[in-house]
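# Architecture at a glance
As a plain string of letters, each chain reads:
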Amino acid sequence: MTITVRPVPGAGLVMRSGDLLAVCAEAGADAVIALVRRVAAAGGDGADLVGALPADAPDCALAGPVAGGMAVAVRGAAVAEVDGWPVAGGVHGPVRTVHLRLTGAGTPDPRTSLDGGVIAGAGLVAEFAARQPIVRAPDRGAPFEAVILLPGFAAQPAPVAVVPEAGNHAMVEGVVCRNNHFNDPLLPYCQICGISMAQLTKVTRLGPRPSLGVLLLDDGSTLRLDSDYVAGREPDQHADVAAGRARPLRLAGPVSGVSRQHLRVGLVGWQVEVADLGSANGTHVQLPRAGGTRRLTPGEPFVLRPGSRVELGRRWFQYESHRNP
Amino acid sequence: MQGIADYDFVRPLGSGNHGQFFLAKRPRRLPVDAEFVAVKVLVAESTETAFRRATRELAAFAAVASPYLVSPFDAGQQDGVFYYSMGYEPGGSLARPAEPVPVERALRAVADAARAAGALHGAGIVHRDIKPGNVLVNAAGGRLSDLGLAQVFTEGVTVTGMGDLDAIEYVDPELLVGGRPGPATDVWSLGVLLHRMVAGSGLYGELPEADGLLALRRVLSTPPRVSAALPGPVAELVRDCLGPPDRRPDAATVAGRIDAVAS
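Quick caveat: nothing in here was measured; it's all calculated off a predicted structure.

### Considering the overall build of chain A
- Scanning chain A from N- to C-terminus turns up 3 helices and 26 strands.
- Counting every position in chain A, which comprises 325 residues, the buried fraction comes to 43%.
- In chain A, of all internal contacts separated by at least 6 residues, the share reaching a separation of at least 24 is 51%.

Pasting the structure below:
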């Protein structure tokens, strides 16, 4: 992995050893520096680094890549941000930037870079080159099955090739704009064509609910919100998925902190709700432009606004819609 | 990675939207006349349901007889990893051609991709993933490859993460806000592809690389703008492809109109 690290001026120490990154306050810096050196010398990754940091360490922030994500630890008044989001622990999925800083950190000079070693500074900004998808190499001793697809070999498929997907095609009350798009009656503008609906006499009618937007996942994929979802490591086991009332949203990953059945995303009227399914690590929601996150009460539905970010362990997704402000 | 099932890999060929391509020796059991084949290994974990659905969709794709499609030969799974093999085109794709592709050749390749899309649509199949990386170039023109299978592995998915985030530039924004794919959304992608090949730029300016959220927001908030550098008939065709879904030309018409421009 290619990383560019820029130090941030200020009081403290900045350290890089290979892919392992650390910033720490002067007091107690020796122990942190020794720790990074020790883990790097042993060929450890971000998880080894973070795992070796004592809970009572002085003000410091550490980060390092792990398979499928980034391990991060912060202590005291230090701050870590991954792709612009403050984090307290690791994150799953591709990472573009990591920003570690102590209080009083300035801004990095774009001409600087740190290839390795320890220097004075109050923080660092690390940029990771775009990551390629990682395919898992199979155990080649394992049995395999193969189907020859050439015409004349494969059993010919049924004429209708497009497989219908599970969906939640409820009827909802809505209004139509002048271009005949069906909308949430509360919206001032059509969510399809953007035309103002303020002049329309808002006579609602019942119609099939259009998609309410998309869920954008931490790995960059987007999922259509025309169905309920159950998110987790093994969502297929959930009764709603088995019954076709919800789609499975598999969130796997090493040390992801995601429960087997973690969260249910439900479409209710024109709104998107999430409810924690009694997960081990809980679900946190960050509303747009609202400081801090709130932890969901298991079983209690919570209405998402467009732009809300939902965190399940180390994975996250965001609700995006035309109704974004 | 050395291989999968009875395919021995020769070298990696690059990454696709949700997997990796390898050049492999043809296994003896495969009844095709070629020394080498291309194998795509998918990132997504294969499950029984996904394997059956993927194989069914690929078989339907393979059954569409068109010289402009790269047909899959064989699909399988080993140790929870899904793969499929297809013909190897040494010329590379419009995204990464083996040698520079002049505009006239790129136009021929896009026209052939449109013919391929037309053949798929005629069989009731939507490609879902038309973009430069999936149009392979050869001496005669081009061939459309790699049916988008993402929705088989993750139901409801419209854009897959990991890898070519430029794919978002080719997706009908209607899909990004939850619309359903159909022949018209493939025609949108053909329009963007044509624009990119002739003007050398996209409809939204340069999208932020490797940042899915920013790229998505940009596509949703920026009205597509057709470059002034496009010759009149090309600009008109691109605009028609981006028009209201029910008024877009069908893929075969797009092919014919590109032929008319190119000749």
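### Focus: the confidence of the model for chain B
All names here are of chain B.
- For chain B, mean pLDDT is 86; residues scoring 70 or higher make up 90% of the total.
- Within the model, the stretch residues 161–165 combines pLDDT values under 50 with 24 contacts to residues more than four positions away or in other chains.
- Model confidence for the complex is summarised by a pTM of 0.68, with the ipTM given as 0.79.

### Description of helix H8 (residues 251–262) of chain B
- With 12 residues, H8(B) ought to run about 16 Å at 1.5 Å a step, and its terminal C-alpha atoms sit 17 Å apart, in line with that.
- Taken together, the buried positions of H8(B) are Ala251(B), Val254(B), Ala255(B), Arg257(B) and Ile258(B).

### Side note on the sheet that holds strand S19 (residues 246–250) of chain A
Residue and element names in this part refer to chain A.
- Sheet architecture is open: 5 strands sit in the order S19-S18-S20-S21-S24, paired in mixed fashion. Here the strands that pair on one side only, and so sit at the sheet edges, are S19 and strand S24 (302–304). Direction aside, neighbouring strands of the sheet carry axes that sit 30° apart on average.
- Alignment of strand S21 (residues 271–276) against S24, held across 3 bridges, turns out to be antiparallel. Across the sheet, residue Val 272 finds its bridge partner in S24, namely Leu 304.

### Some points on the sheet that holds strand S6 (residues 79–82) of chain A
Residues and elements named next belong to chain A.
- In space, the 5 strands of this open sheet follow the order S1-S11-S9-S6-S7, with antiparallel pairing throughout. The two strands at the open ends of the sheet, each matched to only one other strand, are strand S1 (3–8) and strand S7 (85–87). The sheet shows a mean angle of 20° between the axes of neighbouring strands, taken without regard to direction.

### Examining the nonpolar core
- One finds Val110(B), Ala113(B), Ala114(B), Leu190(B) and Leu194(B) to be the most contacted residues of the largest nonpolar core, which totals 110 residues.
- The element contributing the most residues to this core is helix H2 (residues 103–122) of chain B, with 10 residues.

### Some details on the packing of helix H5 (residues 183–199) of chain B against H8(B)
Residue and element names in this part refer to chain B.
- H8 packs onto H5 with a crossing angle of 20° between their chain directions and a minimal axis gap of 10 Å. It follows that H5 is roughly parallel to H8 by the angle criterion. Along the contact surface, H5 presents Pro 183, Asp 186, Val 187, Leu 190 and Leu 194, while H8 presents Ala 251, Val 254 and Ile 258.
- The residue makeup of the contact of H5 with H8, split by class, is 7 nonpolar, no polar and 1 charged.

### A short note on the environment of Glu145(A)
- With respect to the secondary-structure elements, Glu145(A) resides in strand S12 (residues 144–148).
- Classification of Glu145(A) by C-beta neighbours within 10 Å gives exposed; the count is 11.
- The residues contacting Glu145(A), other than those within four sequence positions of it, are Gly76(B) and Gln77(B).

### A look at the environment of Thr107(A)
- The topology assignment puts Thr107(A) in the loop between strand S9 (97–101) and strand S10 (117–120).
- When the C-alpha atoms of Thr107(A) and Gly10(A) are compared, they prove to be 9.2 Å apart, with 97 residues separating the residues in sequence.

Conventions we followed
- Residues numbered from 1 in each chain as written.
- Chains lettered and ligands numbered in written order.
- Predicted model: local features only at pLDDT ≥ 70, side-chain atom pairs only at ≥ 80, totals over all residues.
- Helix = DSSP H or I, 4+ residues; strand = E, 2+ residues; numbered from the N terminus.
- Buried ≥ 20, exposed ≤ 12 C-beta atoms within 10 Å, placed from the backbone.
- Contact = placed C-beta atoms within 7 Å.
- pLDDT = per-residue confidence, 0-100.
- Expected span 1.5 Å × (residues − 1).
- Pairing = 2+ DSSP bridges.
- Axes fitted to C-alpha atoms, helices over the stretch in contact; angles between N-to-C directions.
- Core = buried A, V, L, I, M, F, W, Y, C linked by C-beta atoms within 7 Å.
- Parallel < 35°, antiparallel > 145°, perpendicular 65-115°, else oblique.
- Nonpolar A, V, L, I, M, F, W, Y, C, P; charged D, E, K, R; others polar.

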